[in-house]
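The lines below spell out each chain.
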Amino acid sequence: MRRLIVSSFVSLDGVIEAPMAWASPFFDEQNQAHALQALSGVDFFLLGRVTYEMFSARWPDIKGPYMDRINGMKKLVASTTLKAAGWNATVLDGDVAEALAAIKRQPGGDILKYGVSRLDRMLLSAGLVDEYHLSIVPIRVGHGKRAFDDVDSINLDLVGTHRFDNGVVTLTYVPR
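Counting from 1, residues in each chain are numbered in the order their sequence is written. Predicted model: local features are reported for residues with pLDDT of at least 70 only, side-chain atom pairs are reported and counted for 80 or more only, and whole-chain, interface and lining totals are derived from all residues. Note that the side-chain values use all heavy atoms of the structure and ignore hydrogens as well as water.

## Section: the overall build of the protein
Right, on to step 1. Looking only at helices and strands, the protein has six helices and eight strands in total.
Right, on to step 2. Traced from its N-terminal end to its C-terminal end, the protein shows the element sequence β-α-α-β-α-α-β-β-α-β-α-β-β-β.
Right, on to step 3. Both definitions apply: the radius of gyration is a C-alpha atom measure, and the globule rule equals 2.2 Å times residues to the power 0.38. For 176 residues, the compact-globule estimate of 2.2 N^0.38 gives 16 Å, and the C-alpha radius of gyration of the protein, at 15 Å, lies within 12% of that figure.
Right, on to step 4. For the C-alpha atoms alone, the extent of the protein along its principal axes is close to 40 × 40 × 30 Å. Under the scheme used here, helices are H or I runs from DSSP no shorter than 4 residues and strands are E runs no shorter than 2 residues, and both carry numbers assigned from the N terminus.

Structure follows, in C-alpha cells:
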C-alpha cells in the first residue's frame, strides 16, 4: 500500500507561503541530496490546482538531478476547475478523496505532496495523510500564510528528526 507524505518548508515563525523566496538559500547541496534520496520511493507528486499552475510554469525549465526527478514524475492534480494538464499530470476531479484512496490501495511507491494547503483539510478528514515532513528553516519571514491555517485541528506524533549542517531540521510526524 502506498503512503501519502506531505512535505513542507516552514519558517521559524510558521510561514509556509512562497518558500522559493526565503527557503532557497537553505536548499543547499546537502538538502538537495537528501530530498533526491527521499524521492526514490515516490511514484506520484500530488498538487492542488494553484500549486500545480505555479510549479508547472517554472519547474520544467529547471535542470539538475533533483529537478529532473521531479519533472519526470507522474503528477496528480486535485481540482474541480482544471480540465486538462500537461507536465506529466492527471487531473483528479470529482471525489478526490475516493480517487486518492484507490491509488493508495494499489501496490507501488508513495505519493508526495509539497506544502500544507487547503487540500490538507480534505486529506486529513479522509484519513489519507500518513506522514508530515516539516523542514524548519532557521529564518523569520514575518508575513504570509502559516502552516495548518487551513486545517481545523490536527494532532501529530513526532516519529523522526533529521538535522542538516545549515541549521534546517526536518521533523517527521504521523497523525494520531
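That shown, we press on.
## Some thoughts on the pairing of strand β3 (residues 74-78)
Right, on to step 1. Buried, partly exposed and exposed residues are distinguished by accessible area as a fraction of the type maximum, computed with a 1.4 Å probe on protein chains only: under 20%, between the cut-offs, and over 50%, respectively. Judged by how many residues are buried, β3 sits mostly within the fold: four of five residues are covered.
Right, on to step 2. The sheet contact formed by strand β2 (residues 42-48) and β3 spans five bridges and is parallel. Bridge pairing links F44 to K74 in β3. Here, strands pair whenever DSSP counts at least two bridges between them.

## Let's talk about the sheet that holds strand β7 (residues 156-163)
Strand pairing within a sheet occurs via backbone hydrogen bonds; the two strands may be parallel or antiparallel.
Right, on to step 1. Ordered by their spatial adjacency, eight strands build an open sheet running β4-β3-β2-β5-β1-β6-β8-β7, and the pairing between neighbours is mixed. If you trace the sheet from one side to the other, it starts and ends with β4 (89-92) and β7, each paired once. Adjacent strand axes in the sheet meet at a mean angle of 25 degrees when their direction is disregarded.
Right, on to step 2. Bridge count between β7 and strand β8 (residues 169-175): seven bridges; the pairing is antiparallel. Looking at β8, one finds that D157 is bridged to V174. Axis definition: a line fit to C-alpha positions, over the contact stretch in the case of helices; interaxial angles, taken between N-to-C directions, run 0 to 180 degrees.

## Thoughts on the pattern of salt bridges
Right, on to step 1. Should a side-chain nitrogen of Lys or Arg be within 4 Å of a carboxyl oxygen of Asp or Glu, the pair is scored as a salt bridge. A full pass over the atoms with the stated rule returns nine salt bridges.
Right, on to step 2. The partner of K104 in a salt bridge is D130, and the shortest N-O contact between them spans 2.7 Å. With K104 in helix α5 (residues 96-105) and D130 in the loop between α6 (119-125) and β6 (131-137), this residue pair connects regions lying 26 residues apart in the sequence.
Right, on to step 3. The partly exposed category is assigned to D130, whose relative accessible area is 24%.
Right, on to step 4. A salt bridge links D157 to R176; the nearest nitrogen and oxygen atoms lie 2.6 Å apart. On the criterion of sequence distance, the pair formed by D157 in strand β7 and R176 in the segment after β8 is long-range, its members being 19 residues apart.
Right, on to step 5. Salt bridges here are not isolated pairs; linked through shared partners, they connect R3, D110 and E131.

## Brief notes about the nonpolar core
Right, on to step 1. Residues belong to one nonpolar core when they are buried, are Ala, Val, Leu, Ile, Met, Phe, Trp, Tyr or Cys, and are joined through side-chain atoms within 4.5 Å. Membership of the largest hydrophobic core comes to 28 residues, with the highest contact counts inside it found for L46, L100, L123 and Y132.
Right, on to step 2. Within the residue set of this core, elements represented by two or more residues are β1 (4-11), β2, β3, α5, α6, β6 and β8.
Right, on to step 3. It is α5 that contributes the most residues to this core, five residues altogether.
Right, on to step 4. Only heavy atoms enter the contact rule, under which two residues are in contact if any of them lie within 4.5 Å. Once residues within four sequence positions are removed from consideration, L123 is found in contact with L4, L46, L100, K113, L128 and V129.
Right, on to step 5. Counting 20 residues, the second-largest nonpolar core is a separate cluster that includes F55, V77, L82 and W87.

## With respect to the confidence of the model for the protein
Right, on to step 1. Residue-level confidence of the predictor is what pLDDT reports, using numbers from 0 through 100. Across the protein, the average pLDDT comes to 94, with 100% of residues at 70 or higher.
Right, on to step 2. For the protein, α6 is the element with the lowest average pLDDT, namely 91, and β7 is the one with the highest, namely 98.

## Regarding the environment of K145
Right, on to step 1. Here K145 is to be found in the loop between β6 and β7.
Right, on to step 2. With 56 residues separating them along the chain, K145 and A89 place their C-alpha atoms 26 Å apart.
Right, on to step 3. Counted as a polar contact is a pair of N or O atoms within 3.5 Å, where, for protein atoms, one must be capable of donating a hydrogen and the other of accepting one, and residues adjacent in sequence contribute only when both atoms are in side chains. A polar side-chain atom of K145 sits 2.4 Å from a polar atom in the side chain of D150.

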